[in-house]
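Spelled out from the first residue to the last, the chains are:
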Amino acid sequence: MTNTPGAVTGAPLAPALSSDALTGKRRVAFASYVDENYLPGFLALLRSLALSNPGVCEDFVVLHDDLRPGSIARIRALHPRIVLRRVNTEHYDTYKKGDQDNYLVRKAYFILDVFRLREYDTIITLDTDMVVLRDLGELLRLREGLAAVPQFFYGQHKLNSGLLVIQREYLSDAFCARLDATGRSGDYELDKHDQGILNAVLDGDFVRLDARYNFVKRRLSGDLPVPEDTAILHFTGRHKPWQGGEAGYGQAEDRWRGFDLSDAEFQAAYLAQPGGHHHDLLVHLGTPHVARTKDVESARKVAAAHIAAGDYQDAVDILSSVHIPLDAAWPHEVLGHALMSVSRYDEAKAQLLLAAAAPNRAATAYARLAQVAWVHGDDATSLRHATAGISVDPTHRSSRLWAQRAASVPERELGGAGDQLAHVAFYMDRQGNAGDKLLPETVRLGFGPDTTSRRWHSVHAHRLFDEAALERVNARRGLVIGGGGLFIPDTMPNGNSAWQWNVPDEHLRAVDVPIMVYAVGFNAFDGQSYRAGRFRESLRLLVEKSSFFGLRNHGSIAKVRSMLPDHLHDKVRFQPCPTTVSRQLVPGWTDPAEREDTVLLNAAYDRAGLRFGHDYGHFLAEIAKAVRGIGAHTEVRCVAHSLDDERIAFDLRREHGISLPVIPMYDFDNDGIRDLYAKTRLVIGMRGHAGMIPFGVGTPIISLISHPKMAYFLADIERPEWGVSVHDRNLGAVLTERATGILDRHAATVADVHERQQSLWKVTEANAADLRAILGE
């Protein structure tokens, strides 16, 4: 690493990898070969996929060689993630069979281009004369081999054309070389019923799928009905439904015609689907539908999708484009939620009060009103609204949370303002995330042993930083911001900064004491992004104003520098999370004389779709294998940082008959959290601080990587082998092997943890010297 002014040399910068490369998240795509003649079939296929699987929206690769711009526009109108890829016709000229002008032959050749795609881990091919009728979850969850339905008419040793589920090992140069060699040799059969070259190469070596995933039309001769469990109906044969059809298949062709819709009909049909809609599809199809119809309920659905993705202004815009009747409580509530998320608080309150008039939306609306009042420091009004929410629904968790926050007694400050540092942090509620609960105190330890209000003035990051708060901060010696993943857009959204500190630019500019950003993390998940320029503008101002700007891993440093002009890059430096050096910071710390013979397991479930994708069932089954394997040596216990973390214990018992004791760490105080982690032999954790806290107290760790920050930390300590992706195909075996290896070499691994920690401590000490100089100490 090149030294820069004011920077501290630490671990090398993490490689510039994509988020899915860091987490190992499986990249899935659909693919079809499409030409102008079969375009009507492909459009029906796209519609059927969305209507039968409304929660699925993966990339769809369109292989083509002659599509017109107008045809491409029609395709794009139906799907938001179309990837156009021209087939390479030249290398097919060397193949020794087939009439290149025959569509079936060209399709059989050109679909082989799918094996030349390198961007994906799983590809599902679909023919343009197919329609999807049922859930494809089983196909999306497949992890191994090349899967297809065996041919119905010609024996089980060949796969039927149309549907393939191809895994990464087949998407390789080596397999393509085998396909090309067979194609050039002419040593294969090619007719309209099979894949010719592919069948010759595989010679029956493929994973057999049930016929319902490629149910051929010929099985319905005599106008038989389509079986109810058919997932994919394949219109094999010369006569296609869009070309007039074929006598004797009326009921099957009726199913196809159900997807022969105009764009407006398709959009309306998708919006009317029950169950979970995928954000990308809902926005893509719902936006023009709302623009055309001005339908309030559709606008609410699209706005809710925008909110779930952190696109709050888009949610405001689409609901503001329609007339919401006074008695339409749910749209008012969603608009109120969106407005408060962009800091248009007065408008939000008006919408939420309208929503509170309806009994079925009142509790949520009152909870949001309580939140708005709390953000503005009005605890009395916040408590009144929260109490109203509880009176409507005594079980309403959010109303109870805001009631607890509003009723809490502020900490009495023991020191004078001139002796204190102001501290912006997320101060966790009782029974909140254990890691976030520990962070504010540990950040303060980085500035000295006194973490009490004698030296510190607390500023909750989520409360509006108004003129009164500014005045209080400017009366202190300096302002510390951190720690934790404050650079995340959606935990407590606001329009003032678009990150966790609710600070308007004018008040940030007016801070006239030294600003020290300490061990903050860039916490966007794989698949989550900051879409608004507001965050970049606020970030740039913060860096410009800061006397010290330290991020907790080099991955965050790279992300933040990419958002800044070049002249500010040198101000961004490495400051490890102080939890990783707790042994050095906690006054009077002593390592435990003995450890319990336990391994602690932690899993996280916030934003589960972003963490697991289609692989949660695989993850759970592999964890079950690991628990059994590790449990043969050492007792495994579940440690829950938050209430939701207990789900791993419930799911393991229900799905795999494994019962684990659950430790409710969310109820522990800070000393209890550190003590528990210091006395166990190994922690296998998915949360960032289920790795950093035990590491900081000297305990070996294995990280279950479902978020880039886990990989960032392991790169900083130069121990990537202490992590394994939740998507790893052999997760159970890998975890068992690594865990038992650590347990067998426990003393040596603890010594390695201490050594790794020492390198982070040196960085922290050097930064501490700079901080003392900034504060004039």
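The rules we used
- Residues numbered from 1 in each chain as written.
- Predicted model: local features only at pLDDT ≥ 70, side-chain atom pairs only at ≥ 80, totals over all residues.
- Heavy atoms only, no water.
- Helix = DSSP H or I, 4+ residues; strand = E, 2+ residues; numbered from the N terminus.
- Rg over C-alpha atoms; globule rule 2.2 N^0.38 Å.
- Contact = heavy atoms within 4.5 Å.
- Areas by Shrake-Rupley, 256 points an atom, 1.4 Å probe, with all protein chains shown as cover.
- Lys, Arg positive; Asp, Glu negative; His and termini not counted.
- Charge placed at Lys NZ, Arg CZ, Asp CG, Glu CD.
- Pairing = 2+ DSSP bridges.
- 1 Å grid on protein atoms, 1.4 Å probe; cavity = no way out; pocket = protein on both sides within 12 Å on 5 of 7 lines; lining within 4 Å.
- Points joined across faces, edges and corners; volume = space filled by probe spheres on them.
- Nonpolar A, V, L, I, M, F, W, Y, C, P; charged D, E, K, R; others polar.
- Axes fitted to C-alpha atoms, helices over the stretch in contact; angles between N-to-C directions.
- Buried < 20%, exposed > 50% of the residue type's maximum accessible area, 1.4 Å probe, protein only.
- Right-handed = clockwise from strand over helix to strand, strands pointing away.

Trainee: Is there a simple way to explain the overall build of the chain in this structure?
Mentor: In terms of regular secondary structure, the chain is built from 31 helices and 23 strands. Rg of the C-alpha trace for the chain: 29 Å, near the compact-globule value of 28 Å for 777 residues, within the 12% margin. For the chain, restricting intrachain contacts to residue pairs at least 6 apart in sequence, the fraction spanning at least 24 positions comes to 72%. Total accessible area on the chain stands at roughly 29900 Å², and carbon and sulfur atoms take up 50% of it. Of note, the chain has its 88 positive side-chain charges centred 1 Å away from the centre of its 98 negative side-chain charges.

Trainee: Mind showing me how you'd approach unusual backbone geometry here?
Mentor: Leaving glycine aside, a negative phi is the common case for residues, and trans is the common case for peptide bonds. Backbone geometry at Asp203 places phi at a positive 50°, although glycine is not the residue there. With respect to the element layout, Asp203 can be found in the loop between helix 7 (197-202) and strand 8 (207-208). Even without being glycine, Ala519 reaches a positive phi, approximately 60°. Residue placement: Ala519 occurs in strand 15 (residues 515-522).

Trainee: I keep staring at the sheet that holds strand 10 (residues 232-234) and nothing clicks. Help me out?
Mentor: Pairing between the strands of a sheet is mediated by backbone hydrogen bonds and can be parallel or antiparallel. Reading across the sheet, the 3 strands line up as 5-10-9 and stay open at both edges, with mixed pairing between neighbours. Single-partner strands in this sheet number two, and they are strand 5 (130-132) and strand 9 (215-216). As paired strands, strand 5 and strand 10 are joined by 3 bridges and run antiparallel to one another. By the bridge assignment for strand 10, Met130 is matched with His234.

Trainee: How should I be thinking about the layout of surface pockets in this particular structure?
Mentor: The gaps left among the atoms become clear once a water-sized probe is rolled over them. A volume near 1200 Å³ is recorded for the second largest pocket. Of all the elements in the fold, those that place two or more residues in the lining of the second largest pocket are helix 15 (359-375), helix 17 (397-407), helix 18 (434-445), strand 12 (456-460) and helix 19 (467-474). If you tally residues by element for the lining of the second largest pocket, the top one is strand 12, at 5 residues. Residue classes in the lining of the second largest pocket are distributed as 14 nonpolar, 10 polar and 12 charged.

Trainee: Looking at this structure, how should I read the sheet that holds strand 20 (residues 662-664)?
Mentor: One open sheet holds the 6 strands; their spatial order is 20-19-18-21-22-23, and the pairing between them is parallel. Each of the sheet's edge strands pairs with one partner strand only, and the pair in question is strand 20 and strand 23 (723-725). Averaged over all pairs of adjacent strands, the angle between strand axes in this sheet comes to 25°, irrespective of strand direction. In terms of strand pairing, strand 19 (residues 635-640) meets strand 20 through 3 bridges, oriented parallel. Paired with Ala640 across the two strands is Pro664, which belongs to strand 20. Sheet strands in contact with helix 29 (residues 708-716) are strand 21 (682-685), strand 22 (701-705) and strand 23, and its direction is about 145° off that of strand 22.

Trainee: Before we go on, may I ask you to explain the packing of helix 3 (residues 69-78) against helix 10 (residues 279-293) in this structure?
Mentor: What describes two packed helices is the angle between their axes and the distance between those same axes. Helix 10 packs onto helix 3 with a crossing angle of 115° between their chain directions and a minimal axis gap of 9 Å. Counted together, Arg76, Ala77 and Leu78 of helix 3 and Leu281, His284 and Leu285 of helix 10 form the full contact between these two elements. Of the residues that constitute the contact of helix 3 with helix 10, the class distribution is 4 nonpolar, 1 polar and 1 charged.

Trainee: I keep staring at the pairing of strand 22 and nothing clicks. Help me out?
Mentor: Here is the key point about a regular strand: its side chains alternate between the two faces of the sheet. With 5 of 5 residues buried, strand 22 lies mostly within the body of the structure. Residues Ile701, Ser703 and Ile705 line one face of strand 22 and the alternating positions Ile702 and Leu704 line the opposite face, and both faces are buried. Summarising the sheet, strand 21 and strand 22 pair through 3 bridges and their orientation is parallel. Across the sheet, the residue bridging to Ile684 is Ile702, located in strand 22. Note that the unit made of strand 21, helix 28 (residues 689-696) and strand 22 has a crossover that is right-handed. Here strand 22 runs beside strand 23; their pairing, made up of 3 bridges, is parallel. Its bridge partner being in strand 23, Leu704 is matched across the sheet by Val724.

Trainee: Looking at this structure, how should I read empty space enclosed by the protein?
Mentor: According to the stated counting rule, one finds 6 cavities of 30 Å³ or more in the structure shown. By volume, the second largest cavity amounts to about 80 Å³. Among the elements of the structure, helix 28 and helix 29 are those that each provide at least two residues to the lining of the second largest cavity. Per-element tally for the lining of the second largest cavity: the top contributor is helix 29, with 3 residues. Across the lining of the second largest cavity, the residue classes break down as 3 nonpolar, 4 polar and 2 charged.

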